[in-house]
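One-letter residues, chain by chain:
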Amino acid sequence: MAGRKAERRKRSKPQIPRIPPSDASAILERCEHILEGSRELLGNLPNVGIAELFARLDDSVLQLAIQPDSWGERTRARLMSDLAPALCVTMSAGSAPNVQDVVRVTNAVTPCLLLELGRRKGYIQVEFPRNPAEHNACFGFSASPSSPMRPVTTDRIFRIVDQAGEALVGLCYFGDNESRDIVEAQFIESARA
């Protein structure tokens, strides 16, 4: 009987939709075309802001980029290959980003992809800094579409992803209240720290 209760709980938890490999290839190709057509924007991204690039990415590209499989890894790598040089403010002109630059940009942008998906679905509010990879970057965030936004640093976003990542995914994909409560509590807790 205990097994049935556990089984029932697993079934009631919504499943994050996965993009099958048959569709992922076309989506990755579309991502490639979007980035190729965005060269001018990428060259001026720190001034224009990452939200401008996100506006060009469709929901399926965002979803694939955060999908935890090899297709997601390929899509993230493709995005970061253009975003790392565009967002590395410490680089001199004409130089390539080093591994630390790429890691910093990837760590900053990956949660942004999830937050953008949640914003589009209407489950959260978020205002992105122009360059989320900057040390003192500050977001505007609300775990509810009707609550006021609060300032949140990139470091706080990292802590929340680390401590309540599953709830943040649940909130951004499904807008469920339990996830919203967990994320909201983490924001309050991290504000005190």
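Residues numbered from 1 in each chain as written. Predicted model: local features only at pLDDT ≥ 70, side-chain atom pairs only at ≥ 80, totals over all residues. Heavy atoms only, no water.

### Notes on the overall build of the protein chain
At step 1: Each helix and strand counted, the protein chain has 10 helices and 3 strands in total.
At step 2: In the protein chain, the order of α-helices and β-strands from amino to carboxyl end is α-α-α-α-α-α-α-α-β-β-β-α-α.
At step 3: Sorting the 193 residues of the protein chain into buried and exposed places 44% on the buried side.
At step 4: Taking as baseline every contact in the protein chain between residues at least 6 positions apart, the subset at least 24 positions apart corresponds to 57%.
At step 5: Surface exposure of the protein chain reaches about 10,500 Å², of which carbon and sulfur atoms provide 51%. (Helix = DSSP H or I, 4+ residues; strand = E, 2+ residues; numbered from the N terminus. Buried < 20%, exposed > 50% of the residue type's maximum accessible area, 1.4 Å probe, protein only. Contact = heavy atoms within 4.5 Å. Areas by Shrake-Rupley, 256 points an atom, 1.4 Å probe, with all protein chains shown as cover.)

### So, the packing of aromatic side chains
At step 1: Tallied over the full model, the rule gives 4 aromatic pairs.
At step 2: Here the aromatic rings of F128 and F139 are separated by 6.0 Å at their centres, their planes lie at 70°, and the arrangement is edge-to-face. Highlighted residues: F128 in the loop between β1 (125–127) and β2 (138–142) and F139 in strand β2, separated in sequence by 11 residues.
At step 3: A residue is classified by how much of its surface remains accessible, and F128, at 15% relative accessible area, is buried.
At step 4: Where F141 meets F187, the ring centres are 4.4 Å apart and the plane angle is 20°; that geometry is what we call stacked. Residue F141 is located in strand β2, and its partner F187 is located in helix α10 (residues 177–192); the two are separated by 46 residues in the primary sequence.
At step 5: Residue classification places F187 among the buried residues on the basis of a relative accessible area of 4%.
At step 6: Sitting above the plane of the W71 ring, R74 keeps its charged end 4.2 Å from the centroid. (Phe/Tyr/Trp six-rings, centres within 6.5 Å; stacked < 30°, edge-to-face > 60°. Lys NZ or Arg CZ within 6 Å of the ring centre and 35° of its normal.)

### What to know about the packing of helix α7 (residues 70–87) against helix α8 (residues 99–121)
At step 1: Contact pair α7 / α8: the axes reach a minimum separation of 9 Å and the direction vectors enclose 120°. In the crossing of α7 with α8, the sense of the turn from one axis to the other is right-handed. For the pair α7 and α8, contact is made by R76, L79, M80, L83, A84 and L87 and by V102, V105, T106, V109, T110 and L113, respectively. (Axes fitted to C-alpha atoms, helices over the stretch in contact; angles between N-to-C directions. Left-handed = near helix turned anticlockwise from the far one by under 90°.)

### Here's the deal with the environment of L114
At step 1: Topologically, L114 is positioned in helix α8.
At step 2: In sequence terms L114 and V169 are 55 residues apart; their C-alpha atoms lie 7.2 Å from each other.
At step 3: Those residues in contact with L114 that lie beyond four places of it in its chain are I66, L168, V169, C172 and Y173.

### Points about the nonpolar core
At step 1: With 53 residues, the main nonpolar core has L83, V105, V109, L115 and F141 as its most contacted residues.
At step 2: The residues contacting V109, other than those within four sequence positions of it, are I50, F54, M80, L83, L87 and P132. (Core = buried A, V, L, I, M, F, W, Y, C linked by side-chain atoms within 4.5 Å.)

### Overview of the side chain of R78
At step 1: In this fold, R78 is placed in helix α7.
At step 2: With a relative accessible area of 14%, R78 lands in the buried category.
At step 3: Excluding anything up to four places from it in sequence, R78 contacts L28, E32, L35, E36 and R39.

### A closer look at the sheet that holds β2
At step 1: Read from one edge of the open sheet, 3 strands run β1-β2-β3, paired in antiparallel fashion. The sheet is open, and its two borders are formed by β1 and β3 (150–153), each paired with just one other strand. Across the sheet, the mean angle separating the axes of adjacent strands is 30° when strand polarity is ignored.
At step 2: For β2 and β3, the ladder comprises 4 bridges, and the chain directions are antiparallel. What sits directly across from F139, in β3, is V152. (Pairing = 2+ DSSP bridges.)

### Side note on the pattern of salt bridges
At step 1: Per the counting criterion, the structure on display carries 11 salt bridges.
At step 2: The closest approach of N and O atoms between R78 and E36, which form a salt bridge, is 3.5 Å. Taken as a pair, R78 in helix α7 and E36 in helix α2 (residues 21–36) lie far apart in primary sequence, 42 residues in all.
At step 3: Note that D59 is salt-bridged to R120, the shortest N-O span being 2.8 Å. Taken together, the residues span a long stretch of sequence, with D59 in helix α6 (residues 59–65) and R120 in helix α8 at a distance of 61 residues.
At step 4: The class of D59 is partly exposed, set by a relative accessible area of 39%.
At step 5: Residue class for R120 comes out partly exposed when judged on its relative accessible area of 27%.
At step 6: Salt bridges linked by common partners bring E32, E36, R39, R78 and D82 together as one network. (Salt bridge = Lys/Arg side-chain N within 4 Å of Asp/Glu carboxyl O.)

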